[in-house]
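Structural description and commentary
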Amino acid sequence: MQHPQGAVAPVVAWPARLLVADPAPIVATVERLARAGGREVVARCADRGDAQDAADWLVDRIGRLAPDLRVEALVQPGGGQHLLVLRRL
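Residues numbered from 1 in each chain as written. Predicted model: local features only at pLDDT ≥ 70, side-chain atom pairs only at ≥ 80, totals over all residues. Heavy atoms only, no water.

Quick look at the nonpolar core
- Residues Trp 14, Leu 58, Ile 62, Leu 84 and Leu 86 are the most contacted members of the largest nonpolar core, which totals 22 residues.
- For this core, the secondary structure elements donating two or more residues are helix 1 (26-36), strand 1 (39-45), helix 2 (48-65), strand 2 (71-78) and strand 3 (81-88).
- In this view, Leu 84 contacts Trp 14, Glu 40, Val 41, Val 42, Ala 43, Ala 51, Ala 54, Ala 55, Leu 58, Ala 73 and Leu 74; residues no more than four positions away in its chain are not counted. (Core = buried A, V, L, I, M, F, W, Y, C linked by side-chain atoms within 4.5 Å. Buried < 20%, exposed > 50% of the residue type's maximum accessible area, 1.4 Å probe, protein only. Helix = DSSP H or I, 4+ residues; strand = E, 2+ residues; numbered from the N terminus. Contact = heavy atoms within 4.5 Å.)

Okay, here's the thing in structure tokens:
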């Protein structure tokens, strides 16, 4: 998404209560999934419960941000942690 000079790109912040590492920018992720489909890893969590909390929050947030975009969030183990994967339906 290109923005006019001096414009600020929109941001949807991950809440501090969610214990996620390397969170992806939500707006850019939504734009890519809407345009190209597929799936993206959007964060890492040390605990499966934390990953599921983040997954539930993210699906709800995207439902508000882009109501026509249907997504699901998957929690997948990988490398001793849990990956939060967002997939367009």
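Re helix 2
- Its 18 residues give helix 2 an end-to-end C-alpha distance of 25 Å, which sits within 8% of 26 Å, the value for a rise of 1.5 Å per residue.
- The opening residue of helix 2 is Asp 47, an N-cap whose side-chain oxygen sits 2.8 Å from the backbone nitrogen of Gly 49. (Expected span 1.5 Å × (residues − 1). Polar contact = N/O pair within 3.5 Å; in protein donor to acceptor, adjacent residues only side chain to side chain.)

A look at the packing of helix 1 against helix 2
- Look at helix 1 against helix 2: their axes get within 11 Å of each other, and the N-to-C directions meet at 70°. Between helix 1 and helix 2, the angle is such that the two are roughly perpendicular. Every residue of helix 2 that contacts helix 1 at Ile 26, Val 27 and Val 30 is listed here: Trp 57, Leu 58, Ile 62 and Leu 65.
- Looking at the contact of helix 1 with helix 2 residue by residue, the class counts come to seven nonpolar, no polar and no charged. (Axes fitted to C-alpha atoms, helices over the stretch in contact; angles between N-to-C directions. Parallel < 35°, antiparallel > 145°, perpendicular 65-115°, else oblique. Nonpolar A, V, L, I, M, F, W, Y, C, P; charged D, E, K, R; others polar.)

What to know about the sheet that holds strand 2
- Pairing within the open sheet is antiparallel, and its three strands lie in the order 1-3-2. Each end of this open sheet is capped by a strand with a single partner; those strands are strand 1 and strand 2. With strand direction ignored, the average angle separating the axes of adjacent strands in the sheet is 25°.
- Inspection of the sheet shows strand 1 paired to strand 3 by six bridges, in the antiparallel sense. Within the sheet, the bridge partner assigned to Val 41 lies in strand 3 and is Val 85. (Pairing = 2+ DSSP bridges.)

Remember that the coordinates give geometry; whether it matters functionally is a separate question.
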